[in-house]
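Descriptive analysis of the structure
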Amino acid sequence: MTAIPVRWLTVFLDFPAGSFGAGVAFWREVTGSTLSPFRGAAGEFATLLPPSGDAYLRVQRTADGSGGHHIDLHVDPALASVDQAAEAAVALGATIRHREEGLVISASPGGFTFCLVRWHGEGTVPGPVRLDGAGASRADELCLDIPAGTFERERSFWAALTGWEGQDGARSAQPVRLELRRTGLDDGVTGHLAFACADPERLAARHAAAGARILAVLPNQTEMADPVGRLYRLTGR
């Protein structure tokens, strides 16, 4: 097996316990979502349920660390088991951090956490939402910020693992595009979300009213931080 048969991608927003409530409330509001019941041994997981389509954003309260993002890659069980997908990922350079029935927690060569889970038929990409007068928007991109020295290794890994590089059809079937960006930092691979929106300026003001901070206004995009300091972007797409 070369690329693993990924049929859906879920983005997790990970929050330390002290900022979990404020973080979840903000992301519920700006994505127009409702919240599923909490689940997990300590009630640490929940799903942000979109007004239409299948869910692709989830939240997690973490026991340690500063939070961040990780992703779930949903593997088509008709084509490969989660364990087979994990073997393929390891052959490409991933490391295994935890394994249990139906779940393998892994890390890319640059250290970005991803989980391999079973696909349960998700396939309807949610449409954009409209927040008051801020126009249409949807969180539709996760950008991996990669140190320059490891960028080519990381790019090769994700392209081989997913098979999405240069395959616009496969990428467009996902609720979130996975983009890679070379950075001048050297603190490992991190990620940030980006919203496609009709008007970044108006949407930035609406997000600020919900508790975010405007960090920088650039041509066709605005850099933001949510109420707990998580960085994200609004892009005019």
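Located above this text is the structure these notes cover.
Residues numbered from 1 in each chain as written. Predicted model: local features only at pLDDT ≥ 70, side-chain atom pairs only at ≥ 80, totals over all residues. Heavy atoms only, no water.

Focus on the side chain of T183
Counting through the fold element by element, T183 comes out in strand β11 (residues 177-183). T183 gets classed as buried once you look at its relative accessible area, which sits at 15%. For T183, the residues in contact, after removing those within four places along its chain, are D145, I146, P147 and A148. (Helix = DSSP H or I, 4+ residues; strand = E, 2+ residues; numbered from the N terminus. Buried < 20%, exposed > 50% of the residue type's maximum accessible area, 1.4 Å probe, protein only. Contact = heavy atoms within 4.5 Å.)

Some points on the packing of aromatic side chains
Aromatic rings in a pair are described by how distant their centres are and how their planes are angled relative to each other. Applying the stated criterion across every chain yields a total of twelve aromatic pairs. The rings of F26, W27, F195 and Y232 are connected pair by pair, giving a single aromatic cluster. When the ring centre of F20 is taken as origin, the NZ or CZ atom of R61, which lies over that ring, is 5.5 Å away. A cation sits over an aromatic face here: R182 above F151, 4.2 Å from the ring centre. (Phe/Tyr/Trp six-rings, centres within 6.5 Å; stacked < 30°, edge-to-face > 60°. Lys NZ or Arg CZ within 6 Å of the ring centre and 35° of its normal.)

Overview of helix α2 (residues 82-92)
Of all the positions in α2, only V82, A85, A86, A88 and A89 are classed as buried. An end-on view of α2 places all buried positions within 160° of arc, on one side of the element. Of the exposed residues in α2, the ones pointing more than 90 degrees away from its buried face are E87 and A91. Summarising the contacts, the buried residues of α2 are in contact with β5 (68-75), β6 (95-100), β7 (103-107), β8 (113-118) and α3 (151-162). Just past α2, the residue G93 takes up positive phi, approximately 125°. (Arc of directions from axis to C-beta.)

Remarks on the environment of A91
Mapped onto the secondary structure, A91 falls in helix α2. You can call A91 exposed: its relative accessible area is 66%. With 70 residues separating them in the primary sequence, A91 and L161 have C-alpha atoms 9.7 Å apart.

Concerning the pattern of salt bridges
For the coordinates displayed, the defined rule picks out twelve salt bridges. With its nearest N and O atoms 3.1 Å apart, the salt bridge here joins R155 to E152. Of the two residues, R155 and E152 both sit in helix α3, three residues apart, roughly one turn of that helix. With a shortest N-O distance of 3.0 Å, E179 and R177 are connected by a salt bridge. (Salt bridge = Lys/Arg side-chain N within 4 Å of Asp/Glu carboxyl O.)

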